[in-house]
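Chains, contacts and geometry: an overview
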Amino acid sequence: MTGLLLGIVRHVIYAKGLEGEVDIVSPMALGGFGSEQFLAANPQNKMPILLLPDGSSVPESEVIAQYLLDKAGGGMQAPTPELRAVAALATRIHDQYITPIQACMYRKMEAGERAALLQQLVKQLDVLEGICVGPYIAGPDITTGDSALFPTVVFMTYILPRYFGWRDVFVGRPKLAAWWGRMQQDEHAKRVIAEVTSGLEKWSANNRWSELGISQQLQQHSEYKWVYP
């Protein structure tokens, strides 16, 4: 199998020992975004995509993760229906409410739009604090709910203190703070955290936030709230 894969899927691959069965490649292996080959694999023109040996494809992070778990004999599920619902909810919150707005941390946009999206990002952190069971998001075991969330939290913990002036992403969110501490101890999550951090460090070395005018925007538009809480 070949995949253009994001954090959640990488975590599943590492946790289930599937590295020898999945080749992780660049979008250019399918001609790049918007190419005929890429669109044939995923008409939505988005990563991630898992290409199967028979030539068919599986798109969407959560779908790919569940497919791989199914092929590997299961696992990474909470022990009760109630806790499995929490894990599923965490994934849904991430995919539906966080992924569409997280670019407010690192892409070029108008100041008002950035401030509004940042406020929504704060709200979703509070929602996650409210559903977190502990010690992991859905109880005693790491689930795909954790896999979905923690790579994006790497973005938050790297960017928001450095470039937006936050003291700590987890102020007022003790359950998420404890959860994040546990995720950083997981050997498979550590690998993904290091991979995501490496990419962010490259952005930083290339002065992304200055080159896109984000740092200047934050300084010039004090009428908006950039630092939370």
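Summary of the structure given here. Computed from a prediction, not measured in an experiment: that's the story for all the values here.

**Some details on the packing of helix 4 (residues 81–98) against helix 6 (residues 144–163)**
- With their axes 7 Å apart at the nearest point, helix 4 and helix 6 run at an angle of 40° to one another. Regarding the angle of helix 4 to helix 6, the classification is oblique. Along this stretch, helix 4 crosses helix 6, giving a crossing that reads as left-handed. For the pair helix 4 and helix 6, contact is made by Ala87, Ala90, Thr91, His94 and Ile98 and by Thr144, Gly145, Ala148, Leu149, Thr152 and Met156, respectively.
- Taken together, the residues that form the contact of helix 4 with helix 6 break down as six nonpolar, five polar and no charged.

**Focus on helix 7 (residues 174–183)**
- Within helix 7, the full set of buried residues consists of Leu176, Trp179, Trp180 and Met183. Axial view of helix 7: buried residues confined to an arc of 100°, hence all on one face.
- Those residues of helix 7 that are buried are in contact with helix 5 (111–131), helix 6 and helix 8 (187–205).

**What about the environment of Ile214?**
- By the secondary structure assignment, Ile214 is in helix 10 (residues 214–220).
- The spatial distance from the C-alpha of Ile214 to the C-alpha of Phe164 is 9.4 Å, given a sequence separation of 50 residues.
- Ignoring any residue separated from it by four or fewer positions in sequence, one finds Ile214 in contact with Tyr106, Arg107, Arg114, Phe164 and Trp209.

**Description of helix 3 (residues 61–71)**
- Every buried residue of helix 3 is listed here: Ser61, Ile64, Ala65, Leu68 and Leu69. Across the axial projection of helix 3, the buried residues extend over an arc of 135°, all falling on one side. With respect to the buried face of helix 3, the exposed residues turned more than 90 degrees away are Asp70 and Lys71.
- Looking at the buried positions of helix 3, the neighbouring elements they touch are helix 1 (7–15), strand 3 (49–51), strand 4 (57–59) and helix 6.
- With its phi angle positive at about 95°, Gly73 sits one or two positions after the end of helix 3.

Calculation criteria
- Every chain is numbered independently, its residues counted from 1 as its sequence is written.
- Local features in this predicted model are restricted to residues of pLDDT 70 or higher, and side-chain atom pairs are both shown and tallied only at a pLDDT of 80 or more, whereas totals for entire chains, interfaces and linings draw on every residue.
- As a rule here, side-chain values cover all heavy atoms of the structure and leave hydrogens and water aside.
- Here an axis means a line fitted to C-alpha atoms, over the contact stretch when the element is a helix, while the angle between two N-to-C directions is reported on a 0 to 180 degree scale.
- Each helix is a run of H or I in the DSSP string that is no shorter than four residues. Each strand is a run of E no shorter than two, and both are numbered from the N terminus.
- Any angle that is under 35 degrees is reported as roughly parallel, and any over 145 degrees as roughly antiparallel; angles of 65 to 115 degrees are reported as roughly perpendicular and all others as oblique.
- Helix crossings are classified by the rotation of the near helix relative to the far one: an anticlockwise turn of less than a right angle makes the crossing left-handed, while a clockwise turn makes it right-handed.
- Note on definitions: a residue-residue contact is assigned when non-hydrogen atoms from the two residues lie within 4.5 Å.
- In this classification, Asp, Glu, Lys and Arg are treated as charged, Ala, Val, Leu, Ile, Met, Phe, Trp, Tyr, Cys and Pro as nonpolar, and every other residue, Gly included, as polar.
- A simple rule labels every residue: compare its accessible area, found with a 1.4 Å probe on the protein chains alone, to the largest value its type can have, and call it buried under 20%, exposed over 50%, or partly exposed in between.
- Our arc is simply the arc of the directions from the helix axis toward the C-beta atoms.

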